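Observations on the three-dimensional arrangement
Listed here are the chains, written in short residue letters.
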There are 2 protein chains.
Amino acid sequence: MAELAEDFDDFAQPESAQAAQPTTENDTPEPASKESQHDAISSAASSTTTIKPDAKRNAFTEMMRPKPKPSISHQPHQSMAHKASQVIRGVWRGALVEYIDHPERFPAQVIRATPYTVLIKDAFPKATIHLLLLPRSPAHYLLHPHTAFADPAFLAMMREEAAEAAKLAAAELARQLGSFSATSRARSEAMDRGVSYDQLPPGRDYSKDIRVGIHAHPSMAHLHVHVISRDMRSERLKHKKHYNSFNTPFFVPLADYPLAEDDVRRETGYQNANLSKGLVCWRCGREFGSQFKALKSHLEEEFEAWRAE
Amino acid sequence: MAELAEDFDDFAQPESAQAAQPTTENDTPEPASKESQHDAISSAASSTTTIKPDAKRNAFTEMMRPKPKPSISHQPHQSMAHKASQVIRGVWRGALVEYIDHPERFPAQVIRATPYTVLIKDAFPKATIHLLLLPRSPAHYLLHPHTAFADPAFLAMMREEAAEAAKLAAAELARQLGSFSATSRARSEAMDRGVSYDQLPPGRDYSKDIRVGIHAHPSMAHLHVHVISRDMRSERLKHKKHYNSFNTPFFVPLADYPLAEDDVRRETGYQNANLSKGLVCWRCGREFGSQFKALKSHLEEEFEAWRAE
DNA sequence: TATTCCGATAGTGAC
DNA sequence: GTCACTATCGGAATGAG
């Protein structure tokens, strides 16, 4: 995944053309957006969409220092010698850099920005909640995830940022689905009955339904960590590889890094095979072979049951 | 090929329901037919659409004696012991029997009927002219063509009938395309100038553009000989197998019968491979691989050049 | 494994 | 190899001045 934003055409325009773009930061107008279900994330997190001036960790601050200047258009970055040879072919492959360099330009997409990362809504979400966590470090963001996460400091930073992202995602899941959840309803009904807080039933822990990880063979050039709800219910989920990229070992949880040198998930042949595997329901294990449509309608049923838990 | 008629639904109805069908023989109303380009064939041949009372050849007359009674619905015929086990599965596979048994019911489709054959327009023509010649002998019409044409008397009869069919087909081609033909135009212009008949240029011989043969693996149960113009220009030509079934050795000219025992065209594997072969233009030999659409548009160009000859 | 468009390929159902 | 429908699979373009 890690897709182009819906207003992709704007990305390639020269800086001057951006004057017409709304740049207001703290209101969330969702301009002409087809999605309206993410309101809670947008509004809940809008106060953090600007870059935090207070960098808490000095090691990180050093590592994450901004590039010498914002890149113009899609030329390769010159700041790192080992990246000079990495030419990003095709505009779409490098499109995520716009969010990294100019998060303030995308108030409808950007949920949170820190000196280290930008958290955006995936433009083509493959589940009820689907966010992308983008590291801002030019020294890392064009590396393959396996390589980038071999750097312990970088990995530690990404884990911390991802934990925050997962919290926001879980909160949004709760906002959207809480009214359908037996567990959550039990808690809110107890609340309505005036039960004291230390006596309340725990309510549903939606963080269990959020997964954090990367694709073994990303198509987008910039490193992006998926923060995605478990359901895989989305109109944008359109074919087998969409599904299998999140539901086979092709999806590598961030928690699994750093990968061992001999980890099978590094092997291209293995990962290509994963994408072509028969479809298996993530919830009940039922096999669908190549019958994607049948899986899709089954996922609708599972979604109802899952959100009712 | 050898397809169902357009008014296929009527076929499966009981005899009583056929009362509403027009049974007039010598006018050609083309009732609700989408095709209008076959008018010449219909009108030119309408005087022969009834079964000829005068059977010219006694051997044939004996061989072709009608079945004891017209079959009802699609039950297998009981008249021949060796056919008792041949159950026709699927209504469509046996649909051609209606034309054989009741040619008078299909004035819009039947071009000619004799005691030995019925000649119909293919309901899904794969070229400008596409006719089917159906033998009426129950002793032969459910046999595989290779087997049926091993009978010399049957083969001789079919060749004679096919020659007549090809004449009609060539005449219809001339009617439809003569005005586009340089050769034909030269003749008609000479005619207009009052050139005496023995001095007229010959005009185009359209019989060279008519091919007569069968498919090695027919899908329709009843033996049918294709009488088809060379162009392969038709909206009904929709995929590779349509084309290759007429433009590889899968198409066996009637002239090639009887086949030798070891003729490779008897082999199933060989013929399946023919259907999957890369597409090759029948006129210029250009190869199109699996690009059916590209072949289709190329055939449009070839059609223009071909009819201009 | 970015999407989208187009087209080729494959399975089924037809009563 | 009957058709017609659906769906799966597969390649190519995607920008730009």
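For the structure given in this document, a descriptive report is provided here. (Residues numbered from 1 in each chain as written. Chains lettered and ligands numbered in written order. Predicted model: local features only at pLDDT ≥ 70, side-chain atom pairs only at ≥ 80, totals over all residues. Heavy atoms only, no water.)

**Side note on helix H9 (residues 292-307) of chain B**
Residues and elements named next belong to chain B. If you check H9, its first and last C-alpha atoms are 22 Å apart, about what 16 residues at 1.5 Å a residue would give, namely 22 Å. Those residues of H9 not exposed but buried are Phe292, Leu295, His298, Leu299, Glu302, Phe303, Trp306 and Arg307. Taken together, the buried residues of H9 touch helix H5 (152-177), helix H7 (240-247), strand E7 (279-280) and strand E8 (287-289). (Helix = DSSP H or I, 4+ residues; strand = E, 2+ residues; numbered from the N terminus. Expected span 1.5 Å × (residues − 1). Buried < 20%, exposed > 50% of the residue type's maximum accessible area, 1.4 Å probe, protein only. Contact = heavy atoms within 4.5 Å.)

**Considerations on the sheet that holds strand E4 (residues 210-215) of chain A**
Residues and elements named next belong to chain A. On the basis of which strands lie adjacent, the open sheet formed by 6 strands has the order E1-E2-E3-E5-E4-E6 and antiparallel pairing. The sheet terminates laterally at strand E1 (110-113) and strand E6 (251-253), the two strands that pair on one side only. Across this sheet, the average inter-strand angle for adjacent strands is 30 degrees, counted without regard to direction. Of the strand pairs in this sheet, E4 and E6 are connected by 3 bridges, and their pairing is antiparallel. The residue bridging Gly213 from the neighbouring strand is Pro253, located in E6. (Pairing = 2+ DSSP bridges. Axes fitted to C-alpha atoms, helices over the stretch in contact; angles between N-to-C directions.)

**A word on the side chain of Arg265(A)**
In this fold, Arg265(A) is placed in the loop between E6 and helix H9 (268-276). Residue contacts for Arg265(A): discarding those within four places in its chain leaves His146(A), Ala216(A), Pro249(A), Val252(A), Pro253(A), Asp256(A), Leu259(A), Tyr270(A) and Gln271(A).

**A look at the pairing of strand E1 (residues 110-113) of chain B**
Remark: a regular strand shows side chains that alternate across the two faces of the sheet. Strand direction decides the pairing type here: E1(B) and strand E2 (residues 117-121) of chain B, joined by 3 bridges, are antiparallel. Along E2(B), the bridge assignment pairs Val110(B) with Ile120(B).

**Quick word on the packing of aromatic side chains**
All names here are of chain B. According to the stated counting rule, one finds 12 aromatic pairs over all chains in the structure shown. Ring centres of Trp282 and Trp306 lie 6.3 Å apart, and the angle between their planes is 90 degrees; on these two criteria the pair is classed as edge-to-face. One end of the pair, Trp282, is in the loop between E7 and E8; the other, Trp306, is in helix H9, with 24 residues separating them in the sequence. The class of Trp306 is buried, set by a relative accessible area of 1%. Here Phe303 and Trp306 contribute two aromatic rings whose centre-to-centre distance is 5.9 Å and whose plane-to-plane angle is 40 degrees, an arrangement assigned as tilted. (Phe/Tyr/Trp six-rings, centres within 6.5 Å; stacked < 30°, edge-to-face > 60°.)

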